[in-house]
Amino acid sequence: MIGIPVKEHEWSLAMTHRVTLRDVSKAAGVGMATVSRALADHPDVSAETRDRVRAIALQLGYRPSVAARALRNGGFRAISVIVPDDGWGWWEPVVHSAFQAASSAGFQVLVHPIAGTDGGLAAVVEGLENMPTEGVIVISVRDQQAVREACDRIGIPGVAIDDSSLELRFPTISPTNRIGAGDVVAHLVRQGRRRIAFLRPWLVEGLPGWGDGLFIREREQGYRDALSAAGLPIDERLILDVAQRPETEVYCEELNQLLDAGVVPDAIFCAFDGLAAPVLRTLSSRRIRVPAEVAVAGFDDERAAVLVSPQLTTVRQPFDEMGRAAVALLLQAVEGTPAPIMRHEFGTTLVERASTGLERA
């Protein structure tokens, strides 16, 4: 074993608190990802660096996390899934399919909510260091870079199910947002609708779930594509920024303002299903019949789509397929063959319900 001099204050550090990868990184003068790989005997770290890092870790009194020890000894046969800290239900079937896929491969799934953790998603990932897990699937990622760094610090691979981030740091699973939005607007056009509004949430920094807002921009572009393909003008007054609100919000004030201004659409496409409930209540309060006078559609096909009246025409994300694909990519990385960092898109399906029916009576 190569002996590496360690300063007196570093020995003191080891005696006063649990030594972390960060401490070893600082003492060795290399990044935490390099320390993690060196301790895991990763082939992309030179023998000289590996021996030096291990000697420093030993002298500092670094004790590998239970996850690191298990990885060297054959693994826990378990993966983690971190779910969003919001009320959307779309991720529930994703987790269910991930559980089934992992189980069929002999792995257990541990589910971790963010639940207001200080530091958000990245902090939850770092908390997995002493959990019996070999990799993580993160759902709805506002900052892939921070989460990537957290995964590197504790030495586990990750996969994202995310359509909000512009910059990718993981293999990432997404639906075909632009195509799906175009499909629902084309459906409205076929129903004879010509003044189709698009409701999107305000892209305000700090609001949960939006990240870079990629999915909102893609769905808006699909809306514009379909109108242009049908030869219909794009009326910017019909593109409404609405406040983020829960499904239980009584009315959509932005829609009320549009109607008060005398601008009356004959269809409304909501960027996600949760916006549709206050829209339907607003129209009902003004005795505007759905779908006879105004058709309403959404995106996601989450639980809210079938709880409103009339039930909502929407675009279904391929939740089962996305969950299975995320597990397959993660297990590939756990087995030592990381998938390339790229976006894997899965096709959506138009689901027609009563909110866009042909009845005009």
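Residues numbered from 1 in each chain as written. Predicted model: local features only at pLDDT ≥ 70, side-chain atom pairs only at ≥ 80, totals over all residues. Heavy atoms only, no water.

## Here's the deal with helix H2 (residues 21-28)
The complete set of buried residues in H2 reads Leu21, Asp23, Val24, Ser25 and Ala28. A positive phi of about 75° marks glycine 29, the residue just after H2. (Buried < 20%, exposed > 50% of the residue type's maximum accessible area, 1.4 Å probe, protein only. Helix = DSSP H or I, 4+ residues; strand = E, 2+ residues; numbered from the N terminus.)

## Observations concerning the side chain of arginine 343
When you line up the elements, arginine 343 lands in strand E11 (residues 343-346). Here arginine 343 occupies a buried position and makes no salt bridge, while the nearest side chain of opposite charge, glutamate 345, is found at 4.9 Å. For arginine 343, the side chain forms a polar contact with the main-chain oxygen of aspartate 162, separated by 3.0 Å. Setting aside residues no more than four positions away along its own chain, arginine 343 makes contact with Asp162, Asp163, Ser165, Leu168, Thr172, Ser174 and Leu214. (Lys, Arg positive; Asp, Glu negative; His and termini not counted. Salt bridge = Lys/Arg side-chain N within 4 Å of Asp/Glu carboxyl O. Polar contact = N/O pair within 3.5 Å; in protein donor to acceptor, adjacent residues only side chain to side chain. Contact = heavy atoms within 4.5 Å.)

## Looking at the sheet that holds strand E9 (residues 295-297)
Taken together, the 4 strands give an open sheet; going across it, the order is E7-E6-E8-E9, and neighbouring strands pair in parallel fashion. Both outer strands of the open sheet, strand E7 (239-242) and E9, are each paired with one neighbouring strand and no more. Strand-to-strand twist of the sheet, defined as the mean angle between neighbouring strand axes without regard to direction, takes the value 20°. Here 4 bridges tie strand E6 (residues 196-201) to strand E8 (residues 267-270), and the two strands are oriented parallel to one another. Bridged to alanine 197 within E8 is isoleucine 268. The sheet strands contacting helix H9 (residues 177-190) are E6, E8 and E9, and the helix crosses E8 at an angle near 170°. Contacts from helix H11 (residues 253-260) reach E7 and E8 within the one sheet, and its direction differs from that of E7 by about 140°. (Pairing = 2+ DSSP bridges. Axes fitted to C-alpha atoms, helices over the stretch in contact; angles between N-to-C directions.)

## Side note on the environment of glutamate 92
Within the secondary structure layout, glutamate 92 lies in helix H6 (residues 91-104). The exposure class assigned to glutamate 92 is partly exposed, which follows from its relative accessible area of 36%. Residues glutamate 92 and arginine 303, 211 residues apart in the sequence, show an inter-C-alpha distance of 9.9 Å.

## Describing the confidence of the model for the protein
For the protein, per-residue confidence averages 85 on the pLDDT scale, and 84% of positions sit at 70 or higher. Per-residue pLDDT stays below 50 along residues 1-16; that stretch engages in 19 contacts with residues further than four places along the chain or on separate chains. (pLDDT = per-residue confidence, 0-100.)

## Thoughts on the pairing of E6
The buried count for E6 comes to 6 of 6 residues, which makes it a mostly enclosed element. Taking every second residue as pointing to the same face, both faces of E6 are buried, with Ile196, Phe198 and Arg200 on one and Ala197, Leu199 and Pro201 on the other. Pairing geometry for E6 and E7, over 4 bridges, is parallel. Residue pairing across strands places arginine 200 opposite aspartate 241, the latter belonging to E7.

## A look at the pattern of salt bridges
Scanning all chains against the criterion turns up 18 salt bridges. Notably, a salt bridge pairs arginine 153 with glutamate 126, separated by 2.5 Å at the nearest N-O pair. One end of the pair, arginine 153, is in helix H8 (residues 144-154); the other, glutamate 126, is in helix H7 (residues 120-126), and 27 residues separate them in sequence. Residues arginine 148 and aspartate 152 are paired through a salt bridge, measuring 3.2 Å at the closest nitrogen-oxygen approach. In this pair, arginine 148 and aspartate 152 both sit in helix H8, 4 residues apart, roughly one turn of the helix. A residue is classified by how much of its surface remains accessible, and arginine 148, at 17% relative accessible area, is buried. For aspartate 152, a relative accessible area of 22% puts it in the partly exposed group. When salt bridges that share partners are traced, they join Arg200, Glu220, Arg224, Glu236 and Asp241 into one network.

## What to know about the packing of H2 against helix H3 (residues 32-39)
With their axes 9 Å apart at the nearest point, H2 and H3 run at an angle of 105° to one another. Classified by the angle between their axes, H2 and H3 sit roughly perpendicular to one another. Across the interface between the two elements, Leu21, Arg22, Val24 and Ser25 of H2 pack against Met32, Val35, Ser36 and Leu39 of H3. Considering only residue class, the contact of H2 with H3 consists of 5 nonpolar, 2 polar and 1 charged. (Parallel < 35°, antiparallel > 145°, perpendicular 65-115°, else oblique. Nonpolar A, V, L, I, M, F, W, Y, C, P; charged D, E, K, R; others polar.)

## Thoughts on the pairing of strand E4 (residues 158-161)
Neither face of E4 is open: one carries Gly158 and Ala160, the other Val159 and Ile161, and all of them are buried. Across 4 bridges, the pairing between strand E3 (residues 136-139) and E4 is parallel. Across the sheet, residue isoleucine 137 finds its bridge partner in E4, namely valine 159. Regarding the hand of the β-α-β motif, the stretch spanning E3, H8 and E4 is right-handed. (Right-handed = clockwise from strand over helix to strand, strands pointing away.)

## So, the nonpolar core
Leu199, Tyr223, Ile268, Phe269, Val279, Leu283 and Val296 are the most contacted members of the largest nonpolar core, which totals 45 residues. Listed by contribution, the elements that provide at least two residues to this core are H9, E6, helix H10 (214-229), E7, H11, E8, helix H12 (276-285) and E9. Every residue in contact with phenylalanine 269, bar those within four places of it in the chain, is listed here: Ala181, Val184, Val185, Leu188, Ala197, Phe198, Leu199, Arg219, Tyr223, Ala297, Gly298 and Phe299. Ile79, Val94, Ala102 and Ile139 belong to the second largest nonpolar core, which has 27 residues in total. (Core = buried A, V, L, I, M, F, W, Y, C linked by side-chain atoms within 4.5 Å.)

## Overview of the sheet that holds strand E1 (residues 78-83)
Taken together, 6 strands build an open sheet; the order of strands is E2-E1-E3-E4-E5-E11 and the sheet is parallel. Edge strands, defined here as strands with exactly one partner in the open sheet, are strand E2 (108-113) and E11. With strand direction ignored, the average angle separating the axes of adjacent strands in the sheet is 20°. Relative to E2, E1 runs parallel, the two being bridged by 6 bridges. Paired with isoleucine 79 across the two strands is valine 109, which belongs to E2.

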